[in-house]
Amino acid sequence: MAKRKSKADLIPAGLAPDALRVQCDPAELGFETTANLRASHMMIGQERAIEAITLSASITHKDFNLYVLGRMGMGRHETVAKLVSKQAADRPAPSDWIYVNNFDAPHKPHAMMLPAGSASRLKSAMQDLVDDLANDIPALFESEEYQTQRRAIEEEFGQRHEEPIAEFAERAAKDGVALLRTPMGFMLAAIVDGKPIKPEVYEALAPEERARIDAKVERLQDQLAKVLRHGPQLEKEYRHRIEELHAGLAERVVSLRVKEVADQFAKIAKVGTYLELVRRDMISNAELFLISKEESGNGPFPEVIRKFHLEPQFDRYAVNIMVSHDVSRDVAAPVVSEDMPTLHHLTGRIEHISEMGTLATNFTLIKPGALHRANGGFLVLDAARLLSEPYAWEALKRSLQSQSISITSLGDRLGLVSTVSLEPDPIPLTLRVVLIGDRRLHMLLCMLDPEFNELFKLQADFEDDLPRTAKNTRLMARVVAGYAQQENLRPMSAAAVAALLDQAVRLADDSKKFTLQLGALKNVMREADHYAGQSGKALITEADIAQAITQADRRASRIQERLQEAVTRKTILIDTVGSVVGQVNGLSVIGTGQHYFGRPSRITARVRMGAGKVIDIEREVELGGPLHSKGVLILGGFLASRYARDVPMSLHASLVFEQSYGGVDGDSASSAELYALLSALSGVAIRQGLAVTGSVNQNGEVQAIGGVNEKIEGFFDTCKARRLTGEQGVLIPAANVEHLMLRRDVVEAAKAGKFRVIAIKTIDDGIEALTGRPAGKRKRSGAFPEGSINALVEAQLRTFAETRRRFAKDVTAPPKPEDMT
Amino acid sequence: MTAPPRAETRILIGAGSFADATAALKILGLMSAGPTVAFGGLLIEDRDILDICQIPNQRVVSASGALVFAPSPAQLRTVIEADAKAFQRSLAKVAGLAGAAWSFEHSIGDLVQQSLTASAGWDIVVVGHRSVHPMRGKIISLRAAPVADDALEAFSERLATSLSGEHLVFAVGDRPENRPGSHVFATLDAALAALARTNAQAVLLDLSQGPVRRLDQLRQVLEVARCPLFVFGAATLGNQVEHSTQIPPGRERP
């Protein structure tokens, strides 16, 4: 009996300590410090992504835009910048683009392409042109030559006006008629006794005399009207002659100055055409230059160096540079990264200024966007930021589809603002766009936006991890050395590099792989460098790396510690010693931002006779996610297919995560739930010193789960807080052994025999470990060995079925005669 | 007329309507950069106009050559009142730009006679006449030969500069004139005949120096010149005419 008890209490030996943490051996790295190591700045393990980026950067066909997907900290931005810049360096600098005034329709400014480096020269030349003419034209109109010509015209027309009036006045006087000026115009009246006739005198005249006077006055009135009506025609002729004079004078000086500019840009036909339009406009608007001179202030600088081109009336001759390249410096295609990809930052915008309380604009207020700056090269955008900006994604797609940049104001598009605006010429666009985002966004775009796949034909998918081979280990060490060099950190000892690589393995959640989230490793290195500096060390040592990792964990572990404290104080009930029927310690992982930790949860099962239903209380109260519910349903399938198949399933079971208030998802507790159920059915107690993780399938095989390291460490911390007894440990799926990269203290406890990690493959293995009783295999007779767990479970299920059968019989049986009385 | 405020040059503008005053005001506005001035405005309502408007079928020829019926007395009264207000406003504006004091009054009678009657204390009396076309004309000083280099000549030159007009001197007398731009006429009638066919912007004369010395001559000059007359020495003739209006002194306006 004593021997049987001893056998029953025997807990399976755990995995060897070496299997719990496959550490990197500094001696195998082959260097003492990273100072002696040839540093590598290349991206490792991302060949697939690099090929995609290179293809997108080099292919010239349209729509081969690129979506770079992967997790943060993988070096996506850095890799894209490096590869794209390399390709851009082989391309010539693209053309300059400017907007100039459309003299026929100012609200539709003309876009003009110029050879790289020409835009600034043209702008400067136009400013000089305006400044020169603002001095030349007023001087011309102040000249004696102009004044003489103008006076001659005025004299001519003045005389042409005066002569008929003078003749008329003489005629009227000769006819004895006075010309009177009234507020409304001229009036004619016969003269009697040297004075205009009075009404009473007129009335007293003989009718014939009145008629004679009336006829005379009427005739003269008609003549005067004719003379005065001729006035406007003369004035029109006069204005025309003056305009001709102005144009003739202005033409000479304007043509001379414009030719000077045209000669500088003789090789650019478009500039020549534009300058001809400018010339004509300047000649017909020469008064602009006169007004400017009249408005001269009394500033401290001489008038001749006044910057007339800054005055608003000369905006019409300005050159608004959208994009310009300094050919002495910009010898490559542009690579532009827009950190705030709003609609206006992408396509540019049309600004307005307030004039007398209203909003006004002109082509000089057109501002370029990232598309303009990147035109002819590459534009790198963050996908999440782009998609979160209203209308930015739409605008980018529209630009890529039409291969042109059209500037549309958000206010105009939404109809929010009703003010004068512009319709600038679209600027042709040749651009490769690189979006950097996560996989979820990529998937959503593929599913929800049919245009996405058309416009972004390439994807660069960054690997999350790298196989842990000897070659890759050395390569990782060189990359680490490269980072140390790049970030200007202290050299690292081989042990420090090994510790960092162990952390890379840990972050990969797989002892056979290194994480490629190199950003996280950089953070550890920088922090370790800081600690090394504080200690006055010239090298980053293993201790510094360990301190950086520990401190990072500690900073993020407030919630973890509070939960641990709650378990220690029995606020959260977790048993770590003894045995209990229908109760098992499950394990879950909680994430708080970047920090993940494991914690035990008590799972209990209760059974009774029923109709074959396993109730998942978490699901009933909507605290369980779909994966958890799936796991529980699998349990039902396992029980139904394994036990008492010849009788109806007459079990009513309930399962619950005790003291779980925040919801449960994932199926990693399904094996634990099954153990609790088997314990409840068999009546055999489960060792509370053991915790369980692993999902189960309907065949009773235990399957791999995630976060195995955090789960083991979570239960270890709980046990350690209460005292390690040597009978404590965690059951993990055998498939997860390769993922083990446990903390050193867990490994040390395992070495000391105080804690164990037991790998199991099946539910039978697990229940044996948990109860100390054999699970029992079905014999040829069809029965399980007597006393085994499976036999007890089957017996209990048969009992439930029988009880149910009897119950049904009693209910449906006809009542006995004595019962009817 | 109210005693003018003290200033270097005091100018009184007499006009029968706002249209007649406008040309003179425009000229004075262009001269505002000159020495400190004081301006007076006198709108003179001519009774003859009111009478003639009552003749049956009387017509008015507008500045654009349109023929319309003469206004009724009530309409004419309304127009004159509106003209008075406009004249006053424009005068205030011109004075404001020049930083000058100004006064305005309204009287009834003959334009030339009333202007001269009110001339006491004013250095220059401007008799208004509307402009019938926009072409810049000449500045003509109508003088008795020999022409003296006096205030009138200085003012004429200033006017010519401000208005960018050519300055001509029409000298009446039998002595030749050597100054540039001068034309000598044997008689005033000859000078007026020439003036009638000259595009003048302003005509300046001095009643104390001649050749115009009488009221009817001054009326004749106004008729042929068809532009504002700048009359110097008006008090000489003004003293000889009957004071038909006595305008009470008013307070100085800003």
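Residues numbered from 1 in each chain as written. Chains lettered and ligands numbered in written order. Predicted model: local features only at pLDDT ≥ 70, side-chain atom pairs only at ≥ 80, totals over all residues.

Engineer: Looking at this structure, how should I read the overall build of chain B?
Structural biologist: A tally of regular secondary structure across chain B gives 8 helices and 11 strands. Of all 254 residues assigned to chain B, the portion counted as buried reaches 50%. The contacts of chain B with a sequence gap of at least 6 include a subset with a gap of at least 24, amounting to 77%. (Helix = DSSP H or I, 4+ residues; strand = E, 2+ residues; numbered from the N terminus. Buried ≥ 20, exposed ≤ 12 C-beta atoms within 10 Å, placed from the backbone. Contact = placed C-beta atoms within 7 Å.)

Engineer: What should I look at first to understand the overall build of chain A in this one?
Structural biologist: Each helix and strand in chain A was counted, giving 31 helices and 30 strands. Counting only residues that meet the buried cut, chain A has 42% of its 821 residues in that class. Long-range contacts, defined here as pairs at least 24 residues apart, represent 77% of the contacts in chain A between residues at least 6 apart.

Engineer: Sorry, what's going on with the sheet that holds strand 13 (residues 378-382) of chain A here?
Structural biologist: Strand pairing in a sheet relies on backbone hydrogen bonds, with the paired strands running either antiparallel or parallel. All names here are of chain A. Taken together, the 5 strands give an open sheet; going across it, the order is 8-13-16-1-17, and neighbouring strands pair in parallel fashion. Sheet topology places strand 8 (335-338) and strand 17 (458-461) at the edges, where each strand pairs with a single neighbour. Sheet twist, expressed as the average angle between the axes of neighbouring strands with direction ignored, equals 20°. Pairing between strand 1 (residues 66-69) and strand 16 (residues 432-437): 4 bridges, direction parallel. By the bridge assignment for strand 16, L66 is matched with V434. Lying over the sheet, helix 17 (residues 439-448) contacts strand 1, strand 16 and strand 17, oriented at roughly 140° with respect to strand 1. (Pairing = 2+ DSSP bridges. Axes fitted to C-alpha atoms, helices over the stretch in contact; angles between N-to-C directions.)

Engineer: Quick question: what am I supposed to make of the interface of chain A and chain B here?
Structural biologist: Often the size quoted for an interface is simply the accessible area lost on bringing the parts together. Listed per partner, the contact involves 37 residues of chain A and 40 residues of chain B. Broken down by secondary-structure element, the contributors of at least two residues to the side of chain A that touches chain B are helix 7 (144-174), strand 4 (177-182), strand 5 (185-192), helix 8 (199-204) and helix 9 (207-264) of chain A. Broken down by class, the residue content of the side of chain A that touches chain B amounts to 19 nonpolar, 7 polar and 11 charged. (Nonpolar A, V, L, I, M, F, W, Y, C, P; charged D, E, K, R; others polar.)

Engineer: Could you clarify how one ought to interpret the environment of A672 of chain A in this entry?
Structural biologist: Structurally, A672 of chain A can be placed in helix 26 (residues 670-682). Apart from residues lying up to four places away in sequence, A672 of chain A is in contact with V584, G586, I603 and V692 of chain A.

Engineer: Can you help me understand unusual backbone geometry in this one?
Structural biologist: Among all residues except glycine, the phi angle is most often negative; among peptide bonds, the trans geometry is most common. Residue and element names in this part refer to chain A. Even without glycine at this site, Y391 takes up a positive phi of about 65°. Of note, Y391 is situated in the loop between helix 14 (383-388) and helix 15 (392-402). The partly exposed category is assigned to Y391, around which 17 C-beta atoms lie within 10 Å.

Engineer: Would you mind going over the environment of Y317 of chain A with me for this structure?
Structural biologist: Residue and element names in this part refer to chain A. Within the secondary structure layout, Y317 lies in the loop between helix 11 (287-294) and strand 7 (320-323). Spatially, the C-alpha atom of Y317 lies 9.7 Å from that of T364, the residues being 47 residues apart in sequence. With residues near it in sequence (within four places) discarded, Y317 still touches M126, V130 and V278.

Engineer: Looking at this model, I keep getting lost on the packing of helix 4 (residues 47-58) of chain A against helix 5 (residues 76-89) of chain A. Mind explaining?
Structural biologist: The angle between the axes and the distance between the axes are what describe a pair of packed helices. All names here are of chain A. Their axes nearest at 9 Å, the elements helix 4 and helix 5 cross at an angle of 35°. In the crossing of helix 4 with helix 5, the sense of the turn from one axis to the other is right-handed. Counted together, I50, I53, T54, A57 and S58 of helix 4 and T79, V80, L83, V84 and Q87 of helix 5 form the full contact between these two elements. Class assignment of the residues belonging to the contact of helix 4 with helix 5 gives a composition of 6 nonpolar, 4 polar and no charged. (Left-handed = near helix turned anticlockwise from the far one by under 90°.)

Engineer: Can you walk me through helix 3 (residues 73-98) of chain B in this structure?
Structural biologist: Given 3.6 residues per helical turn, the α-helix brings residues three or four places apart onto the same face. Residue and element names in this part refer to chain B. Its 26 residues give helix 3 an end-to-end C-alpha distance of 37 Å, which sits within 8% of 38 Å, the value for a rise of 1.5 Å per residue. Three or more residues of helix 3 are buried, namely I80, D83, F87, Q88, S90, L91, V94, A95 and A98. Buried-residue contacts for helix 3 involve strand 1 (9-15), helix 1 (18-30), strand 2 (37-45) and strand 5 (101-108). A positive backbone phi angle near 65° is found at G99, which sits one or two residues after helix 3. (Expected span 1.5 Å × (residues − 1).)

Engineer: What is the right way to read the packing of helix 1 of chain B against helix 3 of chain B from this model?
Structural biologist: All names here are of chain B. Axis separation between helix 1 and helix 3 bottoms out at 10 Å; the angle between their running directions is 5°. On the basis of their axis angle, the class for helix 1 and helix 3 is roughly parallel. Residue-level contacts link F18, A21, L25, L28 and G29 of helix 1 to D83, A86, F87, S90, L91, V94 and L97 of helix 3. Grouping the constituent residues of the contact of helix 1 with helix 3 by class yields 9 nonpolar, 2 polar and 1 charged. (Parallel < 35°, antiparallel > 145°, perpendicular 65-115°, else oblique.)

Engineer: What is the right way to look at helix 5 of chain A in this model?
Structural biologist: Residue and element names in this part refer to chain A. In this model, helix 5 (14 residues) spans 20 Å end to end at C-alpha, consistent with the 20 Å of a helix rising 1.5 Å per residue. Along helix 5, the residues classified as buried are R76, T79, V80, L83, V84 and Q87. Within helix 5, the buried residues cover an arc of 110° as seen down the axis, which keeps them to one side. The elements touched by buried residues of helix 5 are helix 4, strand 1, strand 8, strand 13 and strand 16. (Arc of directions from axis to C-beta.)

Engineer: I keep staring at the sheet that holds strand 2 (residues 96-100) of chain A and nothing clicks. Help me out?
Structural biologist: Residues and elements named next belong to chain A. Strand order in the open sheet formed by 3 strands is 3-2-7, and the pairing between neighbours is antiparallel. Every other strand in the sheet has two partners, leaving strand 3 (110-114) and strand 7 as the edge strands with one partner each. Strand after strand, the sheet turns through a mean of 30° between neighbouring axes, direction not considered. Direction of pairing for strand 2 relative to strand 3: antiparallel, over a ladder of 5 bridges. If you follow D96 over to strand 3, its bridge partner there is L114. Its contacts with the sheet place helix 6 (residues 118-142) against strand 2, strand 3 and strand 7, and it is angled at close to 30° to strand 2.

Engineer: Please explain the confidence of the model for chain A as it appears in this structure.
Structural biologist: Reading predicted coordinates in detail is not appropriate for stretches of low pLDDT. Of the residues in chain A, 96% have a pLDDT of 70 or more, and the chain-wide mean is 88. pLDDT under 50 marks residues 1-8 of chain A. Its contacts with residues more than four places away, or in other chains, come to 2 contacts. (pLDDT = per-residue confidence, 0-100.)

Engineer: How should I be thinking about the confidence of the model for chain B in this particular structure?
Structural biologist: Predicted confidence across chain B gives a mean pLDDT of 79, with 86% of residues reaching 70 or more. Low pLDDT, under 50, characterises residues 242-254 of chain B; the predicted model gives this stretch 22 contacts beyond four residues in sequence or across chains.

Engineer: What is the right way to look at the environment of P368 of chain A in this model?
Structural biologist: All names here are of chain A. As for its position among the elements, P368 is in the loop between strand 12 (366-367) and helix 13 (370-374). Here the alpha-carbon distance between P368 and N320, two residues 48 residues apart in the chain, equals 9.6 Å. Excluding its chain neighbours within four sequence positions, the residues that come into contact with P368 are M322, V323, G348 and R373.

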